[in-house]
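Structural features, examined
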There are 4 protein chains.
Amino acid sequence: MKFITAGESHGPSLTAIVSGVPAGLRINEEQINADLARRQPKFLASEGQETERDHVIISSGVRFGKTLGSPITLTVANNDAKQWSDRMANFGTPPKNLAREVVPRPGHADLVGVLKNATNDCRNVFERASARETVVRVVAGGVAREFLAELGVDVFSFVTRIGTAEFVEDNPIEAAPEYKPLDIEMSEVRCPNAEATEHMLKMIKVARTKGESLGGTFRVVATGLVPGLGGFESGPERLNSQLAAALFSIPAIKGVEFGLGFASAALNGSDVHDAITHTKKHGFSRASNHAGGLEGGMTTGLPLIMTAAMKPLPSMTSALPSINLDTLESEEARSDRSDVCAVPSAAVVAEAEVAFVLANAYLRKFGSDNMEDIYTALAAYKKRLAAQAR
Amino acid sequence: MKFITAGESHGPSLTAIVSGVPAGLRINEEQINADLARRQPKFLASEGQETERDHVIISSGVRFGKTLGSPITLTVANNDAKQWSDRMANFGTPPKNLAREVVPRPGHADLVGVLKNATNDCRNVFERASARETVVRVVAGGVAREFLAELGVDVFSFVTRIGTAEFVEDNPIEAAPEYKPLDIEMSEVRCPNAEATEHMLKMIKVARTKGESLGGTFRVVATGLVPGLGGFESGPERLNSQLAAALFSIPAIKGVEFGLGFASAALNGSDVHDAITHTKKHGFSRASNHAGGLEGGMTTGLPLIMTAAMKPLPSMTSALPSINLDTLESEEARSDRSDVCAVPSAAVVAEAEVAFVLANAYLRKFGSDNMEDIYTALAAYKKRLAAQAR
Amino acid sequence: MKFITAGESHGPSLTAIVSGVPAGLRINEEQINADLARRQPKFLASEGQETERDHVIISSGVRFGKTLGSPITLTVANNDAKQWSDRMANFGTPPKNLAREVVPRPGHADLVGVLKNATNDCRNVFERASARETVVRVVAGGVAREFLAELGVDVFSFVTRIGTAEFVEDNPIEAAPEYKPLDIEMSEVRCPNAEATEHMLKMIKVARTKGESLGGTFRVVATGLVPGLGGFESGPERLNSQLAAALFSIPAIKGVEFGLGFASAALNGSDVHDAITHTKKHGFSRASNHAGGLEGGMTTGLPLIMTAAMKPLPSMTSALPSINLDTLESEEARSDRSDVCAVPSAAVVAEAEVAFVLANAYLRKFGSDNMEDIYTALAAYKKRLAAQAR
Amino acid sequence: MKFITAGESHGPSLTAIVSGVPAGLRINEEQINADLARRQPKFLASEGQETERDHVIISSGVRFGKTLGSPITLTVANNDAKQWSDRMANFGTPPKNLAREVVPRPGHADLVGVLKNATNDCRNVFERASARETVVRVVAGGVAREFLAELGVDVFSFVTRIGTAEFVEDNPIEAAPEYKPLDIEMSEVRCPNAEATEHMLKMIKVARTKGESLGGTFRVVATGLVPGLGGFESGPERLNSQLAAALFSIPAIKGVEFGLGFASAALNGSDVHDAITHTKKHGFSRASNHAGGLEGGMTTGLPLIMTAAMKPLPSMTSALPSINLDTLESEEARSDRSDVCAVPSAAVVAEAEVAFVLANAYLRKFGSDNMEDIYTALAAYKKRLAAQAR
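The helix and strand inventory of chain A stands at 11 helices and 17 strands. Compactness check: chain A gives a C-alpha radius of gyration of 22 Å against a globular reference of 21 Å for 390 residues, within 12% of the reference. Once the C-alpha set of chain A is aligned to its principal axes, its extents read approximately 75 × 50 × 40 Å. A total of 390 residues make up chain A; the buried ones form 67% of that total. Contacts spanning at least 24 positions in sequence make up 71% of the contacts within chain A whose residues lie at least 6 apart. For chain A, the accessible surface area stands at approximately 13200 Å², while carbon and sulfur atoms represent 52% of it. Charge-centre separation for chain A: the mean point of 41 positive side chains lies 4 Å from the mean point of 46 negative side chains.

Written as structure tokens, this is what we have:
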């Protein structure tokens, strides 16, 4: 299962094609639209931001709500495309009064993109290197999520820090799989704890007043995984490698860890490694999940737990020092009306990215043609594991 | 440029094939052997560990010390292979007294590997899922390093933490590129600071006494990179994604960050984004390097700085609780004579992995056939950038 | 440069996303529409077939007619989608009177597709496994063709056989690059010879009367290539391998050959290998082009010449014997109103496939970021070759 | 399952690494050596050619004769490496009297390779671009063949033409799967027909006298395949595309066709498409196999039948006209003592290439971790198909 996205931030629309999806999988547009809604954080509404909801249209690969096995086309219109149609026209000559963007914004792809692609207009870079693109990653990820759901796998996320406002937990790794979707999504910042939510919202409010932006951290959790996904035979087969590649493909992600992560670097081995246990009922398990669900590059069967760090948004109301590409003189970068913080949204994008990696691990293990054969292979595997543990 | 490794820990040898190397690149076996030596940490010698040095043999792809463009075969013999030749024979019947390994060790690939591959002997898993395999990653990475060196790029690493012994720096990101290879390699733990080295060695000594193992953190730095390597056009093109995949493909890595990394999540935007500057002499630059050398998924031209966290070694002299696969009863996992800490070695492996990603970014940007054409294309690019910044 | 296509034959539209296109490439929608027109053969008009022309819409990756480096979305609407909207609805319940397609047609993907994908309706297979999908291959290929045109490379095709009507040439390989586009496209069957065209049209007319379908052969030619594209270092780098994979990815292609192809199997070595020549003006060349422009898996600089064989269309007005999937009784497969012959169209699709392979060979050799750097690298290469030959 | 090969023709050895092989597969070195022997054609012996047999050494990925799931290293020594050790030294300075090869041989990679890789010695090209490399393709393919054999799939080949000596059959496609391995391997030219063998040997003898070389055609057949391998959903999934890429990756292959191939281009549709049949005992089948076992890019379950054309060897005892790279004057290319014809060997290489493609199609369909789970998934699939056909 692969996806590719296309589309500029102010172009007519964003498109994703998802290929390699098994035939016979039920797809629910409303479920995908709900994911899109989760990506558009509620606290923005109060800022008078666009409230027009993103909305997916599926135009191939699905018939009567079930996949055909052929590639799936998913499109999300850019609601304000019309007012950009002259500056972002795909064809025709530029409008006479077209203002090139010549002051690259620090923290953005602007400057390096302009150098790499030999252009003189930062817009030619940032229209694509924009968080807007992640809309169709969420949409594409919806297909992977439906596939995983069919196999009993749930992927969710929640926010654990915004700026210095941290959601402090006693035992974060053990707690992670237990949070309830409802508690997460009820929070305006997608944090399952009411007090921490309050704190984070306050922090956002302050930052907004100061024209600042904020980053944060979030956790992505996957439950219901069978053991043995991924592989140890070579580096690229390690699921850690694939999952980290997926998370770091999201703009503004600056750190990723699995389970205890950086904290494990300071501990003794006997405090880190998860003792192997066994019960007649559940077979093999672990006394703890410090590893975050991966051992030797493979799922252990315990919940997969990753934490990611996002830097503050580089689009800010306060201007940052830069250089005008035409004059080569100092000039402040354009200050935008902007979100203060995109961590709750980024976490939803991360769910999509993680879902793809996990879906592929299932397909490699259980075949990829159609749901019926995949169910059969998965059941046979579970049966074999049960036998091996009895 | 791609590599694949093969070989078991106690098999006859480890092999890597590196393909896609441009023709006309000078290769130096001694340089690669020096990297191998750096991977075999000095403090182990004092533990009475094997002092026999690993040693590479190159048997294809190189003629009179220069690459032909054809795949390069690099082999490292396992020095103790002979004494394992009965238990690890590639062919023939197992020795009668062959003891299967039936108590999977926590923190290792043992248990999940046995389930995944439907075997009843953990050795069939851990012979491959072993740090020994990283020997040939270093060897393969040596080819990438020679290529980068030709283009003015240097990749190095140093240790910043072992257990609770941390190398505390005032401004770690700005300091990182300044450390001297000699200072690093003179340290028994590959830390450029004498005091921190002392502290780390003490920590290792204590851990050894207690039968404990230790993890830590290390930094990988690349200098001399042109801006514009990688890409922002789609997620997988982002160099962050490729670099993280490479680092997380190394066993026991549990966290990776770029530049300020997790710390940036707690800061204000204006304290994170690197102001763009310009001088006649050097063209565009930045007032700081909080981003760690990457913006929009591309190199900025400033040093690339990554930090990785490694968990404590799962091979320990103290035993960990486990289950016997045959009896399904509780049993302590085998306790090995073992290294206490492999962080200094892992950092050398990480250099190799990073070198490959960077080498490929150069090849995609400047062509891949032969060194002569690559020099020409690189020079032309630098000339264009200089013109754009004047 | 990669493309992926999506879309069913009677769904709302077909979509292609082309990624990895260098920035700064001029794209011409009209040129792509002209390719689409070439794919809809003229002789069909006389059959009263749909005359509504296919038409591409580009909605991303291009601004003011130039590529941004970001993925390009190309869509072609299915003109008769409305009348299929109930039977091919992406969502909702099937119409009550929905007739499943239960008699698989020989020569189609129908039967095997139904088995592979565990479905009971051949339409779930043949809506995708349809020649209609090649519309967006042509559209995607248009991007590759514009890129190649900028570098002086022209890709074209012509028909050499329809059924037993063959275009007999004295020296087909030497003649191939000399045919004029106008002569080809003026022919209703895309054959540059008037007499052969006549013969082929007559053959089609007879076949139509008999309810038969016809296959044929066509040639794809690329001129203006530099020597040294592709590679000999490993099998998959050989351009022959990549080109054949591209041509055989087109439905109904049953044979492919390069240069003399199968004929060379019957000749003596001294009659096959192309003597190497040299002139001061043009440097190295060959006395003949029996190899069809490839030696050792690389372009020689002479025209690339491939011939492909297409089987007769499996959609026929005469019915073929089959089995009803529900009853398992013998039943004739549905007879369709159908084209008699699609060879002229398939040749246009083949141009697109070949163009992609060649474009990628250029990108690997000369870098991939933007046209400006690619021009520079190409010029430097030509200069080096000239120096080597002087 | 992937393989990569390394090694020069007169270097110390050739190496292949095969990765992605399921755990628990029995590997037989003798079987692989037997394939190597089949690649060294018997009729050469009479020419006084080297009779020293190639011989594989497996040094990783296999324990007690069974795969571990980890990459398999296969090495074949070059028996005459010693006498080349000065001219082909991997390191050190070239011998003083080293003669560069400066007259590129027509039909070889020599000239284009020298241009591509910016070298002045054709040996730097032809040491790799040599038929000798295919030795380790055969060896690597042996792993794929053992895997397929376990699943009931047999891949074999035979020669159908050498020069103008053709093995004329009444109904070649129907006959192909029926030939007996013994009859094929007993023939000095690997042709199952005694009379045709005689004719071919005579042709070789004549050619040798004249200093000529010969090409020919051969057929590759795979039996025992389940239906539904490959896919129709996108072009690259079509098995035709993958198989053709594999065959054309072999040096000197100039044409490939499936089933009737080029002949089908001249026939009416009703004479080409294979009527679908059904019996209670065997389920769905076909009245003929003109398609050569593939429909819609997927296996039909009937034998897979491909024919390939090989050009005459470019290494000839008669010299071909060329140009001296140093003087740019006309000069005859080096005439080698050489085989007259390598078609019987190339067919064995083709078996290996085809085996890899088929093995991968099985792995994608039935999972890839270990033989036990693959047997289970395959059995379940066969059961489902049987149910669908009852």
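Taken together, the contact between chain B and chain A spans 100 residues of the former and 100 residues of the latter. The contact between chain B and chain A buries some 7600 Å² in all, and 64% of this surface belongs to carbon and sulfur atoms. Of all residues in chain B, B:Lys116, B:Lys254 and B:His273 bury the most surface against chain A, accounting for 10% of the area lost on that side. Joining chain B to chain A, the criterion identifies two salt bridges. The tally of links between chain B and chain A comes to 34 residue pairs in polar contact (both at pLDDT 80 or more).

Next up on the list: unusual backbone geometry. Residue and element names in this part refer to chain B. At Ala 252, a residue that is not glycine, the phi angle is positive and equals roughly 80°. Here Ala 252 shows up in the loop between helix H9 (239-248) and strand S10 (253-258). The exposure class assigned to Ala 252 is buried, which follows from its relative accessible area of 17%.

With an RMSD of 0.0 Å, the operation that places chain B on chain A is a rotation of 180° combined with a shift of 0.0 Å along the axis. Expressed as an axis order, the relation between the two copies is that of a two-fold axis. Closest approach to the rotation axis among the C-alpha atoms of chain B is made by B:Ala245, whose C-alpha sits 2.4 Å away. A shared binding surface is used by both copies, with 100% of the interface residues of chain B retained as interface residues in chain A.

Take the pattern of salt bridges next. Taken as a whole and assessed by the stated rule, the structure comprises 100 salt bridges over all chains. In this structure, B:Asp35 and B:Arg38 form a salt bridge, with 3.1 Å as the shortest nitrogen-oxygen distance. A residue pair is termed a helical-turn pair when its members lie 3 or 4 positions apart in one helix, as B:Asp35 and B:Arg38 do in helix H1 (residues 29-39) at three residues. By relative accessible area, which is 14% here, B:Arg38 ends up buried. A salt bridge links D:Arg38 to D:Glu185; its shortest N-O distance comes to 2.9 Å. Taken as a pair, D:Arg38 in helix H1 (residues 29-39) and D:Glu185 in helix H6 (residues 181-186) lie far apart in primary sequence, 147 residues in all.

Strands pair in a sheet through their backbones, by hydrogen bonds, and they do so in one of two ways: parallel or antiparallel. Residue and element names in this part refer to chain B. Judged by pairing direction, the sheet is antiparallel, and its four strands sit side by side in the order S1-S2-S6-S3 without closing on themselves. Because the sheet does not close on itself, it has two edges, and the strands there are strand S1 (2-6) and strand S3 (56-60). Adjacent strand axes in the sheet meet at a mean angle of 20° when their direction is disregarded. Sheet strands touched by H1: S3 and strand S6 (72-77). Its angle to S3, the strand with the most contacts, is close to 140°.

This part covers the environment of B:Glu188. Looking at the secondary structure, you find B:Glu188 in the loop between helix H7 (181-186) and helix H8 (194-209). The spatial distance from the C-alpha of B:Glu188 to the C-alpha of B:Leu201 is 7.9 Å, given a sequence separation of 13 residues.

All names here are of chain A. In the structure shown here, the tally under the stated rule is 30 aromatic pairs over all chains. Here Phe 366 and Tyr 381 contribute two aromatic rings whose centre-to-centre distance is 5.4 Å and whose plane-to-plane angle is 65°, an arrangement assigned as edge-to-face. Separated by 15 residues along the polypeptide, Phe 366 in helix H10 (residues 343-366) and Tyr 381 in helix H11 (residues 371-388) bring together distant segments of the chain. Judged by its relative accessible area of 5%, Phe 366 falls in the buried class. What makes Tyr 381 buried here is its relative accessible area of 2%. Aromatic ring contacts, followed pair by pair, group Phe 156, Phe 158, Phe 167 and Tyr 179 into a single cluster. Across the ring face of Trp 84, the terminal group of Arg 87 is positioned such that the distance to the ring centre comes to 3.8 Å.

Turning our eyes to something else, we now look at the sheet that holds strand S3 (residues 56-60) of chain C. Residues and elements named next belong to chain C. Ordered in space as S1-S2-S6-S3, the four strands form an open sheet in which the pairing is antiparallel. Lying at the two open borders of the sheet, with one neighbouring strand each, are strand S1 (2-6) and S3. Ignoring which end each strand starts from, the neighbouring axes of this sheet average 20° apart. Of the pairings in the sheet, the one linking S3 to strand S6 (residues 72-77) comprises four bridges and is antiparallel in character. Pairing of Ser 60 across the sheet is with Thr 73, part of S6. Sheet strands in contact with helix H4 (residues 134-150) are S1, strand S2 (13-19), S3 and S6, and its direction is about 145° off that of S6.

Contact with chain C, which involves 18 residues of that partner, is made by 18 residues of chain B. Summed over both partners, the interface of chain C with chain B comes to about 1300 Å²; 43% of that surface belongs to carbon and sulfur atoms. Among the residues chain C hides against chain B, the three largest losses belong to C:Glu233, C:Asp369 and C:Arg384. Together they make up 29% of the total. Between B:Lys365 and C:Asp369 there is a salt bridge, and its shortest N-O distance comes to 2.3 Å. Remark: the boundary between chain C and chain B carries six residue pairs in polar contact (both at pLDDT 80 or more). Secondary-structure elements contributing two or more residues to the side of chain C that touches chain B are helix H10 (343-366) and helix H11 (371-388) of chain C. The leading source of residues in the side of chain C that touches chain B is H11(C), at six residues.

What follows is about the pairing of strand S9 (residues 216-223) of chain C. All names here are of chain C. Most of S9 is tucked away, with eight of its eight residues classed as buried. Side chains Gly 216, Phe 218, Val 220 and Ala 222 of S9 all project onto a buried face; the interleaved residues Thr 217, Arg 219, Val 221 and Thr 223 project onto the opposite face, where all are buried too. Pairing analysis gives eight bridges linking strand S7 (residues 154-162) to S9, with the strands arranged antiparallel. Counterpart to Arg 161 in the pairing with S9 is Thr 217. Relative to strand S15 (residues 304-310), S9 is paired through seven bridges, and the arrangement is antiparallel. Along S15, the bridge assignment pairs Arg 219 with Thr 307.

Turning our attention to the relation of the copies chain C and chain B. Note that the two copies of the chain are related through a rotation about an axis and a translation along the same axis. By a simple turn and slide, chain C fits onto chain B: the slide is 0.0 Å along the axis, the RMSD is 0.0 Å, and the turn is 180°. Interface residue correspondence from chain C to chain B reaches 100%, placing this contact among same-surface, isologous pairings.

A large share of strand S10 (residues 253-258) of chain A lies buried, amounting to six of its six residues. Strand direction decides the pairing type here: S10(A) and strand S15 (residues 304-310) of chain A, joined by five bridges, are antiparallel. For A:Val256, the partnering residue across the bridge sits in S15(A) and is A:Ala308. With three bridges connecting them, S10(A) and S10(B) associate as antiparallel partners. Opposite A:Val256, over in S10(B), you have B:Val256 as the bridge partner.

Parameters and conventions
- Within every chain, residues take consecutive numbers counted from 1 along the sequence as written.
- Labels are handed out in written order, letters beginning with A for the chains and numbers beginning with 1 for the ligands.
- Local features are withheld for residues below a pLDDT of 70 in this predicted model, meaning they are given only at 70 or higher, and side-chain atom pairs are given and counted only at 80 or more; totals for whole chains, interfaces and linings count all residues.
- With hydrogens and water set aside, each side-chain value is computed from the structure's full complement of heavy atoms.
- The numbering of helices and of strands both runs from the N terminus, where a helix is a DSSP run of H or I of at least 4 residues and a strand a run of E of at least 2.
- Throughout, radius of gyration means the C-alpha value; the globule benchmark is 2.2 Å times the number of residues raised to the power 0.38.
- For every residue, the accessible area obtained with a 1.4 Å probe (protein chains only) is divided by the maximum for its type, and the residue is called buried under 20%, exposed over 50%, and partly exposed between those limits.
- Note on definitions: a residue-residue contact is assigned when non-hydrogen atoms from the two residues lie within 4.5 Å.
- Throughout, the Shrake-Rupley method with a 1.4 Å probe supplies accessible areas, and for residues the shown protein chains are the sole cover considered.
- Only four residue types enter the charge count, namely Lys and Arg as positive and Asp and Glu as negative; His and the chain termini do not.
- A single reference atom marks each charge: NZ on Lys, CZ on Arg, CG on Asp, CD on Glu.
- Buried area: the accessible surface (1.4 Å probe) lost by two parts on joining, summed over both.
- Criterion for a salt bridge: a side-chain nitrogen of Lys or Arg within 4 Å of a carboxyl oxygen of Asp or Glu.
- Between N or O atoms, a polar contact is any pair within 3.5 Å; within protein, one atom must be a potential hydrogen donor and the other a potential acceptor, and residues adjacent in sequence are included only when both atoms are from side chains.
- Alignment of copies: least-squares fit on C-alpha atoms of residues with pLDDT of at least 70 in both copies.
- For two strands to count as paired, DSSP must find a minimum of two bridges between them.
- Orientation is described by axes fitted as lines to C-alpha atoms, over the contacting stretch for helices, and by angles from 0 to 180 degrees between their N-to-C directions.
- Note on aromatic contacts: the rings of Phe and Tyr and the six-membered ring of Trp form a pair at centre separations within 6.5 Å, being stacked when their planes are under 30 degrees apart, edge-to-face when over 60 apart, and tilted otherwise.
- Put simply, a charge is over a ring when the Lys NZ or the Arg CZ is close to the ring centre, within 6 Å, and near the line of the ring normal, within 35 degrees.

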